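Survey of secondary and tertiary structure
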Amino acid sequence: MASSQHVLLSPAELAYLHASLSLTPPIRPDGRSPTQFRPLVAETGILPGTNGSARICFADGTEAIVGVKAEVERTRTRHDFPSLDESAEDDDDLDDNQNDVVKGDNDWVEMTVEIPGYRDDDAGTVFLSAMLSEALLADGEFTKRLWINQRFHWKLYLDILLISPPLSYPLPLLSLTTHLALLAARLPRLKSEGDEDPLFDDDWAAAPYLYPRPSEKGSKATAPAPAARPPVTLLVMAVGNNIIFDPSKEELAVADVALAVSVGESSSSTTSTTSSKPTAMDIDTEETKGHNLRLLSVRTIDPPSRLTPPGIPNASNSAYGANAGAKDTEKKKQQQEQARTAESEAVEGVWKAPRGGAKTLVMATMVQKVLEKGGVADEVLDALDGVDLN
Amino acid sequence: MPITILPPKAFRDQPPRHSLNHDSDDVMSDATSDSEDSDSQPGGVSLDGGATIHPRKRHRSGAGAAASSTFTKRPKTNAAINSIPRSAIVTPGERITTDPQWMRGHGTYLSSASLGEQAITSSLAGIVTRTNKLLSVRPLRARYTPEVGDLVVGRIVEVQAKRWRVDVGSTQLAALPLSAINLPGGILRKRTETDELQIRTFFAEGDLVVAEVQQLFQDGGAVLHTRSLKYGKLRNGVFMAVSGTGGGGGVVRSRRQVWTLESANNGGPIDVILGVNGYVWISKHVEPVVPEEAKGQTGITNLEEVVSATMYSSQNDRIEPETMREIARIRGVVTALVENGLRVDEDMVTKGYNEAVELALVSADGPEDVYLGGERGEQLAAALTAV
């Protein structure tokens, strides 16, 4: 599996970071609480030439831009499947249903990730884009939104650009920006009906959002789709039994496990709640209800900690104080024995790269922490709701 | 609240010169008054930019003032001032002026405009600064330019046969020759082939060192040395890189770059090393431990031996959680200073730290709350600038 980028840290730094992150509660180098994200600045609608765009900037200077562009494409007729027309002819009972069957295809979305300093076929970049598109396409609901009629569909191009050099593993940043860009994305309103060649409304103000907003009554009336949202991928890591969200580069360098957890809002349960929504339109009730979170995918990320060089304990350090002057063979022999034990055992204050796999219990807790009601993903989605979409 | 999302700072609604740098108005108005002043009373030195200007950039200021006094009085038109771009920030290749009354300073070059006219053009992205008749461009961000005697924190990135290459945030890697370190064992001795063979036992890739710039090459590359008990490998703490010089923030050269801070909340003493290159090291203060056998026999050589014993160790001492918390707090203070464009030196860090301790007392999570990002950083900076 592709790993995140290698970081050069000294064994003493790694030992310090690991020690401070293993405390209960952990002390993070920037003083955040374990579930706290870095403060970020977000805006949407920055690129006038796109259907939807967003920019997110972290306080440390990492910045990403995402643009969503859509174009109409003719749907390829599939020969390996019996075409819809044939099946409609076969049984007349299903005719009505078959006509509004909305189908999607994963080819309708094309995602490119660009990270400065990395080739676009670099393993890390490909892995990032695969992870982001996997989360988006996981439930098959997203591509259905791109369906126009049986002959045409929207082809969506998602261009994800990291503007700054990758100061930390950019996955959460890119995911949040993509989320906002998709929320802000609008497609022109369709004027034609049925399977005609599509004709669209020129009025951009009338264009519905790709993800209809529940608060907007107008769009809700025209498009009764459930108030689903694009997925969010969160980066979670564990040091010992401590679970830490949105790790910085240094923190990731001492991680025992790192997971990318993609979370979406379950549409099946939202359809069940849509009936209650019109009656309780105010936001308060909705907040208490929370989001119907659904796990879309989990990927382990190879933390760079496994590639870090181990520290040398003083006992076996030939440049360390008393040892440096030691000349007599007796003392040297003793040292070598000490060194052997030091290699096998953990010495306090000396960095040792984590070995072995992740504990299943820790991994399960990490996923649970993301998904639980009022948990991190819930609050992240709430905070993203507050971003002004223009 | 695990996440705070802020709206972008509005700068598109306002004319750019107000938003990009609030000093810009002052710079422009100062410049006009300056140029008028210098016509009537030549030689008056006035530095625009004030406290935030980098000391090194001041070298030419005297010369500029002297040169401007040689200018003869010429009829001044408003067009001369108007030919200077009105926005404070210039980009590389942007023409600053074609008026021959201005002299080019740092960050600019002369390019031929139409009809044999010479235009002063910016070679950097930065802010136009004027000293009487001298036009210079201060970069928004610059890499560190080493100078002899600078205290720097660096990271070993390469080990060669007889030297290390050290990243000091400069345009080039600095060199640390094997002959410029204190060899272990206390006594000053000649380096041997054995030392060359076990060069990695002193410093290996990734290790952090605090060193001094010993000499400079013609091309600006630095040679470091660690031949003092103050210098050597770093441990027991955290590293942070403050962005390079320029733009007002960052580490400035000052009287003391290294000091010990007595921390609050039972944190004990904490060492802070502010490398001139913008690399900062914050660590627990450790008194050298005198081994039992060496006790009683005091002397300069003996002391040296004791101190140098831990010079190449990469094993951390035991650090209390309280100390770690205070170290994180100091790191937060430095980050907040940089993010808000304030200078980083002993005075500001100490003041900021005391302020941060006060802030934590009133915070909801009590004195154990060390978070200083986002709004709290701004609050801290506001409290510091108000004093």
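Residues numbered from 1 in each chain as written. Chains lettered and ligands numbered in written order. Predicted model: local features only at pLDDT ≥ 70, side-chain atom pairs only at ≥ 80, totals over all residues. Heavy atoms only, no water.

A look at the overall build of chain B
Filter applied, for reference: In this text, helices come from DSSP runs of H or I with a minimum length of four residues, and strands from runs of E with a minimum of two, each type numbered from the N-terminal end. Between two residues, a contact is recorded if the distance between any of their heavy atoms is within 4.5 Å. Only the protein chains shown count as cover for residues, and all accessible areas are computed by the Shrake-Rupley method using a 1.4 Å probe.
Scanning chain B from N- to C-terminus turns up 10 helices and 20 strands. Put simply, of all contacts in chain B between residues at least 6 apart along the chain, 64% involve residues at least 24 apart. Surface exposure of chain B reaches about 18800 Å², of which carbon and sulfur atoms provide 52%.

With respect to the UniProt feature "domain: Exosome complex component N-terminal" (unreviewed entry) in chain B
Heads up, the rule is: UniProt positions are given in the numbering used here, feature names are shortened, and annotations may be inferred rather than shown by experiment.
Cross-referencing UniProt, the feature "domain: Exosome complex component N-terminal" (unreviewed entry) maps to residues 89-131 of chain B in the present numbering. End C-alpha atoms of residues 89-131 of chain B are separated by 17 Å, and the span's content is 0% helix alongside 53% strand.

A few points about helix 9 (residues 346-362) of chain B
Residue and element names in this part refer to chain B. The condition that has to hold: Helices are assigned an expected span. That span is 1.5 Å times one less than the residue count. The cut-offs for exposure are 20% and 50% of the maximum accessible area for each residue type, with area from a 1.4 Å probe on protein chains only; residues under the lower value are buried, those over the upper are exposed, and the others partly exposed. Arc definition: directions from the helix axis to the C-beta atoms.
With 17 residues, helix 9 should cover 24 Å at 1.5 Å per step; its first-to-last C-alpha distance of 25 Å lies within 8% of that length. When we look at burial in helix 9, the residues that qualify are Glu 346, Met 348, Val 349, Gly 352, Tyr 353, Ala 356, Val 357, Leu 359 and Ala 360. Down the axis, helix 9 shows its buried residues gathered within 165 degrees of arc, on one side only. Along helix 9, exposed side chains directed more than 90 degrees from the buried face belong to Glu 358, Leu 361 and Val 362. On the buried face of helix 9, the contacting elements are strand 17 (258-263), strand 18 (268-274), helix 8 (321-339), strand 20 (343-344) and helix 10 (374-386).

Structural notes on the pairing of strand 4 (residues 109-114) of chain A
All names here are of chain A. The criterion, for reference: A pair of strands is treated as paired once DSSP finds two or more bridges between them.
By the alternation rule, side chains of strand 4 split into Val 109, Met 111 and Val 113, which are all buried, and Glu 110, Thr 112 and Glu 114, of which none is buried. Pairing between strand 4 and strand 5 (residues 152-162): six bridges, direction parallel. Within strand 5, the residue paired with Val 113 across the bridge is Ile 160.

Observations concerning the environment of B:Arg331
Relative to the assigned elements, B:Arg331 resides in helix 8. Accessibility expressed as a relative area gives 11% for B:Arg331, which makes it buried. The spatial distance from the C-alpha of B:Arg331 to the C-alpha of B:Val349 is 9.5 Å, given a sequence separation of 18 residues. Dropping the residues within four chain positions of it, B:Arg331 is found in contact with A:Pro29, A:Asp30, A:Glu250, B:Val238, B:Phe239, B:Met240 and B:Ile282.

Points about the pattern of salt bridges
Residue and element names in this part refer to chain A. To be explicit about the condition: Any Lys or Arg side-chain nitrogen located within 4 Å of an Asp or Glu carboxyl oxygen qualifies as a salt bridge.
Here the structure, examined in full by the defined rule, presents 28 salt bridges over all chains. Of the charged contacts, one joins Arg 229 and Glu 265 as a salt bridge, the two residues approaching to 3.8 Å between their closest N and O atoms. You can see Arg 229 sitting in the loop between helix 6 (217-222) and strand 6 (232-239) and its partner Glu 265 sitting in strand 8 (residues 257-265), a full 36 residues away along the chain. Within the structure, one salt-bridge network assembled from shared partners comprises Arg 28, Asp 30, Arg 32, Arg 38, Asp 246 and Glu 251.

Considering the interface of chain A and chain B
In this complex, chain A contributes 49 residues to the contact, which on the side of chain B involves 47 residues. For the interface between chain A and chain B, the tally reads two salt bridges. With its nearest N and O atoms 3.1 Å apart, the salt bridge here joins A:Glu348 to B:Arg318. At the level of elements, helix 1 (11-22), strand 1 (40-44), helix 10 (321-325) and helix 13 (376-385) of chain A are the ones that each hand at least two residues to the side of chain A that touches chain B. Here the side of chain A that touches chain B takes seven residues from helix 1 of chain A, the largest share from any one element. Where strand 1 of chain A and strand 1 (residues 5-6) of chain B come together, two bridges link them in parallel fashion. Within strand 1 of chain B, the residue paired with A:Leu40 across the bridge is B:Ile5.

Some words on the sheet that holds strand 9 (residues 293-301) of chain A
Residues and elements named next belong to chain A. As a reminder, the rule being used: In this analysis, axes come from line fits to C-alpha atoms, helices being fitted only over the stretch in contact, and the angle between any two N-to-C directions falls in the range 0 to 180 degrees.
With respect to topology, four strands assemble into an open sheet ordered 7-6-8-9, the strand pairing being antiparallel. Unpaired on one side and paired on the other, strand 7 (242-245) and strand 9 mark the two borders of the sheet. Looking at each pair of strands side by side, their axes are set apart by 30 degrees on average, direction ignored. Bridge analysis of strand 8 against strand 9 gives eight bridges, and the strand direction is antiparallel. Across the sheet, the residue bridging to Ala 260 is Arg 299, located in strand 9.

Considerations on the packing of helix 9 of chain B against helix 10 of chain B
Residue and element names in this part refer to chain B. How we decide: Should an angle lie under 35 degrees it is considered roughly parallel, over 145 roughly antiparallel, and from 65 to 115 roughly perpendicular; all remaining angles are considered oblique. Two helices that cross are described as forming a left-handed crossing if the nearer one is turned anticlockwise from the farther one by less than a right angle, and a right-handed crossing if clockwise.
Close contact between helix 9 and helix 10 brings their axes to 10 Å; oriented N to C, the two are set at 120 degrees. Our classification of the angle between helix 9 and helix 10 gives oblique. As for how helix 9 packs across helix 10, the hand of that crossing is right-handed. Contact residues: helix 9 offers Met 348, Lys 351, Gly 352, Glu 355, Ala 356 and Leu 359, while helix 10 offers Arg 376, Gln 379, Leu 380, Ala 383 and Leu 384.

Quick look at the confidence of the model for chain A
Interpretation of this model should avoid reading the predicted coordinates in detail wherever pLDDT is low. Residues and elements named next belong to chain A. Here is the rule: Confidence of the prediction at every residue is given by pLDDT, a number between 0 and 100.
For chain A, the mean per-residue pLDDT works out to 78, and 76% of the residues sit at or above 70. Note that residues 86-98 has pLDDT below 50 and, in this model, four contacts with residues that lie over four places away or in other chains. Across residues 216-226 the pLDDT falls below 50, and counting only partners more than four positions away or on other chains, this stretch makes 11 contacts in the model.

Quick look at the environment of B:Ile330
All names here are of chain B. Relative to the assigned elements, Ile 330 resides in helix 8. Owing to a relative accessible area of 0%, Ile 330 belongs among the buried residues under this scheme. Along the chain, Ile 330 and Lys 230 lie 100 residues apart, while their C-alpha atoms are 21 Å from each other. Sequence-distant contacts of Ile 330, defined by excluding residues within four places in its chain, comprise Leu 261, Ile 270, Val 272, Ile 282, Val 349 and Tyr 353.

Let's talk about the sheet that holds strand 15 (residues 237-241) of chain B
Residue and element names in this part refer to chain B. Judged by pairing direction, the sheet is antiparallel, and its four strands sit side by side in the order 15-19-18-17 without closing on themselves. With partners counted over all chains shown, the strands left at the sheet margins are strand 15 and strand 17, one partner each. Sheet twist, expressed as the mean angle between neighbouring strand axes with direction ignored, is 20 degrees. Of the strand pairs in this sheet, strand 15 and strand 19 (residues 279-284) are connected by five bridges, and their pairing is antiparallel.

Notes on the environment of B:Arg343
Residue and element names in this part refer to chain B. Where we set the bar: N or O atoms closer than or at 3.5 Å make up a polar contact, with two conditions inside protein: a donor-capable atom paired with an acceptor-capable one, and, for residues adjacent in sequence, both atoms drawn from side chains.
With respect to the secondary-structure elements, Arg 343 resides in strand 20. For Arg 343, a relative accessible area of 35% corresponds to the partly exposed category. C-alpha of Arg 343 to C-alpha of Ala 222: the two residues are 121 residues apart in sequence and 24 Å apart in space. Here Asp 345 takes part through its side chain, which lies 2.9 Å from a polar atom of the side chain of Arg 343.

Brief notes about the confidence of the model for chain B
All names here are of chain B. Scored by pLDDT, chain B has a mean of 76; 71% of the residues are at 70 or more. Contacts for the low-pLDDT stretch residues 12-82, under 50 throughout, to residues beyond four places or in other chains number 79 contacts. In the predicted assembly, ipTM is 0.79 and pTM is 0.79.

Considerations on the packing of aromatic side chains
So the rule is basically this: Each pair of aromatic rings taken from Phe, Tyr and Trp, with Trp reduced to its six-membered ring, is defined by centres within 6.5 Å and is described as stacked if the planes are under 30 degrees apart, edge-to-face if over 60, and tilted in the remaining cases. Note on geometry: a ring has a charge over it if NZ (lysine) or CZ (arginine) is within 6 Å of the ring centre and within 35 degrees of the ring normal.
Overall, the coordinates contain six aromatic pairs over all chains when judged by the stated rule. Ring geometry for B:Phe203 against B:Tyr312: centres 5.4 Å apart, planes inclined by 65 degrees, an arrangement best described as edge-to-face. Of this pair, B:Phe203 sits in the loop between helix 6 (199-202) and strand 12 (208-216) while B:Tyr312 sits in the loop between helix 7 (300-309) and helix 8; the two residues are 109 residues apart in sequence, bridging distant segments of the chain. When its relative accessible area of 0% is taken as the criterion, B:Phe203 is described as buried. Relative to B:Tyr279, the ring of B:Phe239 lies with its centre 5.3 Å away and its plane at 85 degrees, an arrangement referred to as edge-to-face. Of the two residues, B:Phe239 sits in strand 15 while B:Tyr279 sits in strand 19, which places them 40 residues apart along the sequence. In this pair, the class of B:Phe239 matches that of B:Tyr279, namely buried. Between A:Arg38 and the ring centre of A:Phe58, over which it is positioned, the NZ or CZ distance is 4.5 Å.

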